[in-house]
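Residue-level structure breakdown
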Amino acid sequence: RIRASQQQQRRRPEYVPNRIDDPNYVRIFDTTLRDGEQSPGATMTSAEKLVVARQLARLGVDVIEAGFPASSPDDLDAVRSIAIEVGNPPEGEGVHVPVICGLSRCNRRDIDAAWEAVRHARRPRIHTFIATSEIHMQHKLRKTPEQVVAIAKEMVAYARSLGCPDVEFSPEDAGRSNREFLYHILEEVIKAGATTLNIPDTVGYTLPYEFGKLIADIKANTPGIENAIISTHCQNDLGLATANTLAGARAGARQLEVTINGIGERAGNASLEEVVMAIKCRGELLDGLYTGIHSQHITLTSKMVQEHSGLHVQPHKAIVGANAFAHESGIHQDGMLKYKGTYEIISPDDIGLTRANEFGIVLGKLSGRHAVRSKLVEIGYEISDKEFEDFFKRYKEVAEKKKRVTDEDIEALLSDEIFQP
Ligand code: KIV
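The protein is annotated in an unreviewed UniProt entry as 2-isopropylmalate synthase from Miscanthus lutarioriparius. Taken from UniProt, the Catalytic activity (unreviewed entry) comment for the protein reads in full: "3-methyl-2-oxobutanoate + acetyl-CoA + H2O = (2S)-2-isopropylmalate + CoA + H(+)". Under the Pathway (unreviewed entry) heading, UniProt states for the protein: "Amino-acid biosynthesis; L-leucine biosynthesis; L-leucine from 3-methyl-2-oxobutanoate: step 1/4."

Structure follows, in structure tokens:
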């Protein structure tokens, strides 16, 4: 499977930064610094946000949503610093210039703050949103659908009138909004100048086939949609954010909104590393889609975001968890030692992971003879078959009592069993 994905990558057209004309190219919009920062307890200082933004640019994300400038003077400053520095890399051929984006509600004060922050970037974007589901319009906004359409149109046009060349519009809670109403509001904001239409599943309510159909229906029924990019923004309340995002991409979305480690409001967002690696690994089943992400920077980026946000991923987190490339059971370890493709669909090198040992073997009570013997060789011990059988019995007794057997445990066992007079 690894080989198939490598061949497929070779067939892909050469990646050109900021490419917008290839129908198979999927833009990655990273909102770690905005939606990610909305995770309880994840606030970052301006300096931390700048460090993370630099790393996101290195990773090759197409759009960095750097914050919500109207939310506080500090956030406005943070987004402005990112726009000035990360949004203006030194000129040169092939240099990646990320879009720097600021979020705003559909009102002039928010839009002014967003523009003040992002206008310093070479490729600035304002992202403005208003809720479109019945439940939000009635209970939160207390506005009629007609009023909501009028506000959306006016505010998109206002953002464009400030000189912002790139305006993204989100109908918040699109996953629970009436379809005909969505087609209508999207048509109107396209006419008002929106360049990207983001479709948020704000409460992570949809199922993958349902979200895919939502994107396909919007693509088929919204007049003027061919002049804009369709985007996904999937929250993870039912644990379906990655699956929904991929279903959206398959149905025609060409921008995917994600966060590093999947952090974000409540149960978080679709995670960049999962979405990007699924596209990289299984691109052939996704009609040949590809991204511009330099995946070898994923591990470091994940670690940086864990450190700065204070949110640590669980050990079994896909792609970046401590156990994601570790093998403990005897059957798996035996397979790995014979051929790594038996239990690994991604090479650790692809995400820039260096493991403590080549095969990712961790010793525990489920480990078998093959793995334990390899460990002895790895740490420099050659013992006879008879000695090994005695040793292995003792190993199993110790391993029963411990979560992990370390190199030091092995050394101690060897000195007990074999080298004692
Ligand atoms: O979840 C959501 O709906 C959002 C929008 C502002 C895109 O974060």
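**Considerations on helix α10 (residues 272–282)**
α10 sits mainly inside the fold: nine of its eleven residues count as buried. Listing the buried residues of α10 in full gives Leu 272, Glu 273, Glu 274, Val 275, Val 276, Met 277, Ala 278, Ile 279 and Lys 280.

**A look at the nonpolar core**
Core analysis: the biggest nonpolar cluster contains 92 residues, and Ile 64 and Ile 100 have the highest contact counts within it. In contact with Ile 64, not counting residues within four places along its chain, are Asp 30, Leu 33, Ala 53, Leu 56, Ile 82, Val 86, Pro 98, Ile 100 and Cys 101. In terms of nonpolar packing, the next biggest core, distinct from the first, is built from twelve residues, Met 336, Phe 359, Ala 399 and Ile 410 among them.

**With respect to the packing of helix α2 (residues 46–59) against helix α11 (residues 298–309)**
Their axes nearest at 10 Å, the elements α2 and α11 cross at an angle of 165°. The angle between α2 and α11 falls in the class roughly antiparallel. For the crossing formed where α2 meets α11, the hand is left-handed. In this structure, α2 contributes Glu 48, Val 51, Val 52, Gln 55 and Leu 59 to the contact, and α11 contributes Thr 301, Met 304, Val 305 and His 308. A breakdown of the residues in the contact of α2 with α11 according to their chemical character gives five nonpolar, three polar and one charged.

Parameters at a glance
- Residues numbered from 1 in each chain as written.
- Predicted model: local features only at pLDDT ≥ 70, side-chain atom pairs only at ≥ 80, totals over all residues.
- UniProt positions renumbered as here; feature names shortened; annotations may be inferred.
- Buried ≥ 20, exposed ≤ 12 C-beta atoms within 10 Å, placed from the backbone.
- Helix = DSSP H or I, 4+ residues; strand = E, 2+ residues; numbered from the N terminus.
- Core = buried A, V, L, I, M, F, W, Y, C linked by C-beta atoms within 7 Å.
- Contact = placed C-beta atoms within 7 Å.
- Axes fitted to C-alpha atoms, helices over the stretch in contact; angles between N-to-C directions.
- Parallel < 35°, antiparallel > 145°, perpendicular 65-115°, else oblique.
- Left-handed = near helix turned anticlockwise from the far one by under 90°.
- Nonpolar A, V, L, I, M, F, W, Y, C, P; charged D, E, K, R; others polar.

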